[in-house]
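Below, each chain spelled out in residue letters.
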Amino acid sequence: MNNQFLISLTEKYGAPLYVYNAAIIQRQYQRMILAFSSVKNVKLNYAVKSNTNINILKYLNNLGAGGDCVSVQEVKLCLAAGMDAQEISYTPNGVSFDEISEVHQLGVKITLDNLSSLDQFGKTFPQAPVSLRINPHIMAGGNAKISVGHVDSKFGISHTQIEAIKEIVHQNQTPINGVHMHTGSDIKDPNAFVEAMEVLLGIAEQFDTIEFIDLGSGFKVPYQDGDIETNLEELGSILGARFNEFCAAYGKDLKLVFEPGKFLVSEAGKFLTRVNVIKQTPNINFVGVDSGLNHLMRPMMYDAYHRVSNISNPEGPKKEYNVVGYICETDTFASSRILGEVREGDIICMDNAGAYCFSMSSNYNSRFRPAEVLVIDGKDYLIRQRETFEDLLKNQIEIDL
Ligand SMILES: *Cc1c(COP(=O)(O)O)cnc(C)c1O
């Protein structure tokens, strides 16, 4: 998607605008499948929360991916996208038992992450298989908010509680069909995966009804120049060999499952905003765009770095800028960036906008959420229309005052 094409999309659909390139989603899917080709049975369950547009779900379903869901609503979106219930996994944390029951009745694979739900599930649905989310106590992840596999994390059942797990499973005769871990997003160190996988395999070998090992995700993609990326090929060969060895010892060809979100869709997305104002203060050149933390909150929430470029004037004289939003808070998208000279009306493009961007957007400041476009084979499709004023009032109930 070159600059001219992206600019033409803002002319056609308006700005701000999310644009997703299907070819990159396909490339990332195939890279991952290839990296684990030494394993007979590999399944990628796309982490739906990273981008829930139904067309993205359909596209990934067509590629062969399943869906990993954290809410019953995400499960229903996957079903609406045409996914088979058995290709969907549900990995919630801290949800009500009513929700777990509802998802179970939809025929979806369930992973439980606490002992009380495991017991209640076993008693309510005798003989129904379920898998276990284990906390391997590994510190990994790009920042504290997305590191979810360490000892003080709220996620998973501690691997040290294996005796309690076994007692509940034995009492209720629950078939444990898999073990699962998800140690956090943005893992930079392949050894963290290997270490955590050993813990998980140690749990799996204690049950004789295992069908799959789910290693979750955390596959990192580069956000800035020089950023390291998870070395997939290296990881694939190390994990693949260990997994095959485990299957041989277990006496069964198990399925190896991953749940990538960011890896599949982050790089496919561009977020296009139009420059409303340029403001010079004594020390800083501000570029004010027609968006803010309401549309893309990762920089504000996680101090995330997104590459930014002025696609209207990439070759212009270079100057240093802070790119900021229009929300009544300090919503800085990017600071101290060198861009081709920015003029009011230019289009600023933010990279890595496919994952956790639109899906975390809101109506804060009563702004409309942007439109989304999917590009397949060079052709653009509007896949979500921009919100309108009616959307802001849609669920409000006006009383007589
Ligand atoms: C969020 C999440 C993922 C996806 O993480 P990414 O870093 O986007 O790949 C996978 N599994 C579970 C259980 C999650 O909550």
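Our structure's up above, just so we're on the same page.
Just so it is clear, the structure is predicted and the values come from calculations on it, not from any experiment.

K.L.:
Break down the overall build of the protein for me, citing the residues and quoting the values.
P.N.:
Check the secondary structure of the protein and you find 12 helices and 18 strands. Computed over its C-alpha atoms, the radius of gyration of the protein comes to 23 Å, within 12% of the 21 Å expected for a compact globule of 401 residues. Dimensions along the principal axes, computed over C-alpha positions, put the protein at roughly 70 × 60 × 40 Å. By residue count, 54% of the 401 residues in the protein fall in the buried class. Restricting the contact set of the protein to residue pairs at least 6 apart, pairs at least 24 apart contribute 68%. With an accessible surface of roughly 17,600 Å², the protein has 49% of that area assigned to carbon and sulfur atoms. Each charge class in the protein can be summarised by its mean position, and for the 35 positive and 48 negative side chains these summaries are 4 Å apart.

K.L.:
Please give an account of the pattern of salt bridges that cites residues and values.
P.N.:
Scanning the entire structure with this criterion turns up 16 salt bridges. For the salt bridge of E87 with K43, the shortest nitrogen-to-oxygen distance reads 2.7 Å. Placement of E87 in the loop between α4 (72-80) and β4 (88-90) and of K43 in strand β2 (residues 42-47) is noted, with a sequence separation of 44 residues between them. The exposure class of E87 is partly exposed, given its relative accessible area of 27%.

K.L.:
Describe unusual backbone geometry, listing the residues and the values that go with them.
P.N.:
Cis geometry is adopted by the peptide bond preceding P16, which originates at A15 and carries an omega value of -5 degrees. Residue placement: P16 occurs in the loop between α1 (3-13) and β1 (17-21). Of note in the backbone geometry, D377 takes a positive phi value of approximately 50 degrees without being a glycine. Note on placement: D377 falls in the loop between β17 (371-376) and β18 (379-384). Under the relative-accessibility criterion, D377 is labelled exposed at 80%.

K.L.:
An account of the side chain of S71 is needed here, citing residue identities and associated values.
P.N.:
Along the chain, S71 turns up in the loop between β3 (66-69) and α4. You can call S71 buried: its relative accessible area is 18%. Sequence-distant contacts of S71, that is, excluding residues within four places in its chain, are made with Y90 and E99.

K.L.:
Talk me through the packing of aromatic side chains; I want residue IDs and the actual numbers.
P.N.:
Taken as a whole and judged by the stated rule, the model has nine aromatic pairs. Here the aromatic rings of F246 and Y250 are separated by 5.7 Å at their centres, their planes lie at 20 degrees, and the arrangement is stacked. Pair noted here: F246 and Y250 are both in helix α9 (residues 232-250), with a separation of four residues, about one helical turn. Among the aromatic residues, ring-to-ring pairing joins Y18, Y20, F271 and F358 into one connected group. Between the NZ or CZ atom of R337 and the centre of the ring of Y305, over which it lies, the distance is 3.7 Å.

Quick notes on the rules
- Residues numbered from 1 in each chain as written.
- Predicted model: local features only at pLDDT ≥ 70, side-chain atom pairs only at ≥ 80, totals over all residues.
- Heavy atoms only, no water.
- Helix = DSSP H or I, 4+ residues; strand = E, 2+ residues; numbered from the N terminus.
- Rg over C-alpha atoms; globule rule 2.2 N^0.38 Å.
- Buried < 20%, exposed > 50% of the residue type's maximum accessible area, 1.4 Å probe, protein only.
- Contact = heavy atoms within 4.5 Å.
- Areas by Shrake-Rupley, 256 points an atom, 1.4 Å probe, with all protein chains shown as cover.
- Lys, Arg positive; Asp, Glu negative; His and termini not counted.
- Charge placed at Lys NZ, Arg CZ, Asp CG, Glu CD.
- Salt bridge = Lys/Arg side-chain N within 4 Å of Asp/Glu carboxyl O.
- Phe/Tyr/Trp six-rings, centres within 6.5 Å; stacked < 30°, edge-to-face > 60°.
- Lys NZ or Arg CZ within 6 Å of the ring centre and 35° of its normal.

Keep in mind these values describe shape, not function.
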